[in-house]
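# Examination of the molecular architecture
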Number of protein chains: 2
Amino acid sequence: MARQVRAEQTRATIITAAADLFDRQGYEGTSLGDIVEHARVTRGALYFHFAAKEDLAHAILELQSATCRRLARDTEVRGRTSLEALMRLTFSIARRSAEDPVLRAGLRLATGGARPRPPLSHPFTEWTDIVAARLLGAAEESDVQPDVDLDVVAHSLVCFFVGTRVVGRSREPAARQPRRTAEMWQILIRGLVPVTRRARYLSLAARLERETAPV
Amino acid sequence: MARQVRAEQTRATIITAAADLFDRQGYEGTSLGDIVEHARVTRGALYFHFAAKEDLAHAILELQSATCRRLARDTEVRGRTSLEALMRLTFSIARRSAEDPVLRAGLRLATGGARPRPPLSHPFTEWTDIVAARLLGAAEESDVQPDVDLDVVAHSLVCFFVGTRVVGRSREPAARQPRRTAEMWQILIRGLVPVTRRARYLSLAARLERETAPV
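Residues numbered from 1 in each chain as written. Chains lettered and ligands numbered in written order. Predicted model: local features only at pLDDT ≥ 70, side-chain atom pairs only at ≥ 80, totals over all residues. Heavy atoms only, no water.

Chain A goes by A-factor receptor in an unreviewed UniProt entry, where it is assigned to Streptomyces viridosporus.

This is how it looks when you write it as structure tokens:
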């Protein structure tokens, strides 16, 4: 195995181990020693990739951002409405969060007050921008009632989604997340979508819940 | 000053100092030494009241619970509808959180995975129970559309409110919280309240926002 490839694998192993610990015991509650032990690497290997714990948090926030942007791109398919793309994005993130410690740690870092280094935006800012763009599309497609303030709704939707995950993480198994995401959408659809289009999106929410539920 | 009174004051000083630090730098990121220094008490005074950091977290969760139950009682006034009482409760908590480090620390402990000792319930469980009782009253008063699942909405409302505070705490000054609470209610009222009663509650949300905004 080429040295370059092995180094990349070690780096990924360290990030995953750090994410798992940050998610379960918090950033402050995790030492570099814990990470070395959990990742089963040497302290030298860790320091080769990361000078400080802060760099690990930054790497996790970077990965989270890249994943969210990729999922946003993947759920935007020609022929799909903007609202459907947005709904699919939230279900994708909910499912990925159940599987991937990096996304869970990213959320915990974001809610714990992490301040990403520029040019990386704060996750909540980035998510609000993504949601606002989708809602603008949805409004143009007449899927949002005309008297709705889109920026306000974008912020509220991020709050609602973050709250669903924050409340869920301490009270319920991660497998419950698709259910909670569907419940969030039931309320949002009733509040935002014109009456004539509601049935379509309510059944989409139910379908996406089934599709993203663990088998 | 009687010894009993002085001891109570010292205990309150220590709790406030601990809450302030837990809120700003997290539970794991705060040592007993930090608390002693911040409270300007001796280590002996701290150990007289609290055997371990865990006992401080428990005391904060207990105070938070007592405050929320008191605010729930205070906002339930004869002649007020259940929905108005619920709306007033959320605005009261939003305002109190801006002023009181104990409520902010309580939320951070709750979102950070604190597990309160019985008989104290988890804050999210307690809040969901309070909201569910108010929503049941609101449904009986025909302020909630009949096809709404009240337990689902109670859970969603807690998620939405927690998310509003979690997202807000890392991105905005606490004074913005009444605005965000009003925005949350605008969406919930549109989604849950029968059309004929919406105007009344939308203007109540606007009024409560003005009343709870800092002068």
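The rest of the description comes next.
Turning next to the packing of helix H7 (residues 123-140) of chain A against helix H8 (residues 150-171) of chain A. All names here are of chain A. H8 packs onto H7 with a crossing angle of 125 degrees between their chain directions and a minimal axis gap of 8 Å. Our classification of the angle between H7 and H8 gives oblique. As for how H7 packs across H8, the hand of that crossing is right-handed. Taken together, the residues of H8 that come into contact with H7 (itself represented by Phe-124, Trp-127, Thr-128, Val-131, Ala-132, Leu-135, Leu-136 and Ala-139) are Leu-150, Asp-151, Val-153, Ala-154, His-155, Leu-157, Val-158, Val-162 and Arg-165. Looking at the contact of H7 with H8 residue by residue, the class counts come to 13 nonpolar, two polar and two charged. (Axes fitted to C-alpha atoms, helices over the stretch in contact; angles between N-to-C directions. Helix = DSSP H or I, 4+ residues; strand = E, 2+ residues; numbered from the N terminus. Parallel < 35°, antiparallel > 145°, perpendicular 65-115°, else oblique. Left-handed = near helix turned anticlockwise from the far one by under 90°. Contact = heavy atoms within 4.5 Å. Nonpolar A, V, L, I, M, F, W, Y, C, P; charged D, E, K, R; others polar.)

For the rest of this paragraph, the subject is the packing of helix H1 (residues 3-25) of chain B against helix H4 (residues 53-75) of chain B. The angle between the axes and the distance between the axes are what describe a pair of packed helices. Residues and elements named next belong to chain B. Close contact between H1 and H4 brings their axes to 10 Å; oriented N to C, the two are set at 95 degrees. By the angle between their directions, the pair H1 and H4 is classed as roughly perpendicular. Listed contacts from H4 to Arg-11, Ile-14, Ile-15, Ala-18, Ala-19 and Phe-22 of H1 are Lys-53, Leu-56, Ala-57, Ala-59, Ile-60 and Leu-63. Across the contact of H1 with H4, the residue classes tally to ten nonpolar, no polar and two charged.

Before going further, it helps to spend a moment on the interface of chain A and chain B. It is common to give the size of an interface as the accessible area that goes away when the parts come together. If you look at the interface, chain A gives 38 residues, while chain B gives 36 residues. Carbon and sulfur atoms supply 59% of the area buried between chain A and chain B, which totals about 3,200 Å² over both sides. By the criterion of area lost to chain B, the three top residues of chain A are A:Val167, A:Ile187 and A:Arg190, representing 19% of everything that side buries. Taken together, the connections running from chain A to chain B amount to four salt bridges. Notably, a salt bridge pairs B:Arg190 with A:Asp147, separated by 3.1 Å at the nearest N-O pair. Linking chain A to chain B there are eight residue pairs in polar contact (both at pLDDT 80 or more). Those elements that place two or more of their residues in the side of chain A that touches chain B are helix H6 (101-111), H7, H8 and helix H9 (177-192) of chain A. (Buried area = accessible area lost by both parts, 1.4 Å probe. Salt bridge = Lys/Arg side-chain N within 4 Å of Asp/Glu carboxyl O. Polar contact = N/O pair within 3.5 Å; in protein donor to acceptor, adjacent residues only side chain to side chain.)

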